[in-house]
Amino acid sequence: MRTTLTIDNDIVDSLKERARLQGRPFKQVVNDALRRGLSQTSEEERPEFRVEPMEGGILPHLKHLTPKEILDELSIQDYLEKEARSEKNTG
C-alpha cells in the first residue's frame, strides 16, 4: 500500500544511514523498523517494574533520611574517621 507520512528529519536521517550501512532499500528499512516497533509489547501489557528496598544494607540507620541528610551523615562519619586516624598517627 502506498501512503504519505511526515517523518521527523532526525528519524529520516537515521533510517537513511541505516539503509546505506546495510546496503538495503530505504523502504525495506522503514518497514522493518515499523514491524519491530509494532511487535514490541505495549505499555499496558508490560509488567510493572518495581524495585523493592532491601532490609539492612551498609548503613541501615540511614534508610529513613532524605538524600541530603544521608550526605550530611556520611560527611560527618568521614570527618570523624579522619580525625581518629589523625589522632592515632600523632598520638
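Source: prediction; values computed, not measured. (Residues numbered from 1 in each chain as written. Predicted model: local features only at pLDDT ≥ 70, side-chain atom pairs only at ≥ 80, totals over all residues. Heavy atoms only, no water.)

Caption draft 1: Representation of the overall build of the protein in the model. From N to C terminus, the protein includes three helices and zero strands. When its helices and strands are written in sequence order, the protein yields α-α-α. When burial is assessed residue by residue, the protein has 7% of its 91 residues classed as buried. Summed over its atoms, the accessible surface of the protein is roughly 8800 Å², and 54% of this surface lies on carbon and sulfur atoms. (Helix = DSSP H or I, 4+ residues; strand = E, 2+ residues; numbered from the N terminus. Buried < 20%, exposed > 50% of the residue type's maximum accessible area, 1.4 Å probe, protein only. Areas by Shrake-Rupley, 256 points an atom, 1.4 Å probe, with all protein chains shown as cover.)

Caption draft 2: Layout of helix H1 (residues 9-22). Helix length check: H1 (14 residues) gives 20 Å between terminal C-alpha atoms against 20 Å at 1.5 Å per residue, within 8%. Buried residues of H1: Val 12, Leu 15 and Ala 19, and no others. Axial view of H1: buried residues confined to an arc of 65 degrees, hence all on one face. Exposed residues lying more than 90 degrees from the buried face of H1 are Asn 9, Asp 10, Arg 20 and Leu 21. (Expected span 1.5 Å × (residues − 1). Arc of directions from axis to C-beta.)

Caption draft 3: Representation of the pattern of salt bridges within the structure. Within the structure shown, the criterion is met by five salt bridges. For Glu 17, the salt bridge identified is with Arg 20, shortest N-O distance 2.7 Å. Taken together, the positions of Glu 17 and Arg 20, both in helix H1 and three residues apart, correspond to about one turn of that helix. Residue classification places Glu 17 among the partly exposed residues on the basis of a relative accessible area of 36%. With relative accessibility at 56%, the residue Arg 20 sits in the exposed group. Between Asp 32 and Arg 35 there is a salt bridge, with the nearest N and O atoms lying 3.4 Å from each other. Within this pair, Asp 32 and its partner Arg 35 are both found in helix H2 (residues 26-39), separated by three residues, close to a single helical turn. The class of Arg 35 is exposed, set by a relative accessible area of 54%. Salt bridges linked by common partners bring Arg 24, Asp 32 and Arg 35 together as one network. (Salt bridge = Lys/Arg side-chain N within 4 Å of Asp/Glu carboxyl O.)

Caption draft 4: Looking closely at the packing of H1 against H2. Two numbers describe how H1 lies on H2: the axes approach to 9 Å, and their chain directions differ by 115 degrees. Here H1 is positioned roughly perpendicular relative to H2, judged by the angle of their axes. Taken as a pair, H1 and H2 cross one another with a handedness that is right-handed. On H2, the residues that touch Val 12, Leu 15, Lys 16, Arg 18, Ala 19 and Gln 22 of H1 are Phe 26, Val 29, Val 30, Ala 33 and Arg 36. When its residues are assigned to classes, the contact of H1 with H2 shows seven nonpolar, one polar and three charged. (Axes fitted to C-alpha atoms, helices over the stretch in contact; angles between N-to-C directions. Parallel < 35°, antiparallel > 145°, perpendicular 65-115°, else oblique. Left-handed = near helix turned anticlockwise from the far one by under 90°. Contact = heavy atoms within 4.5 Å. Nonpolar A, V, L, I, M, F, W, Y, C, P; charged D, E, K, R; others polar.)

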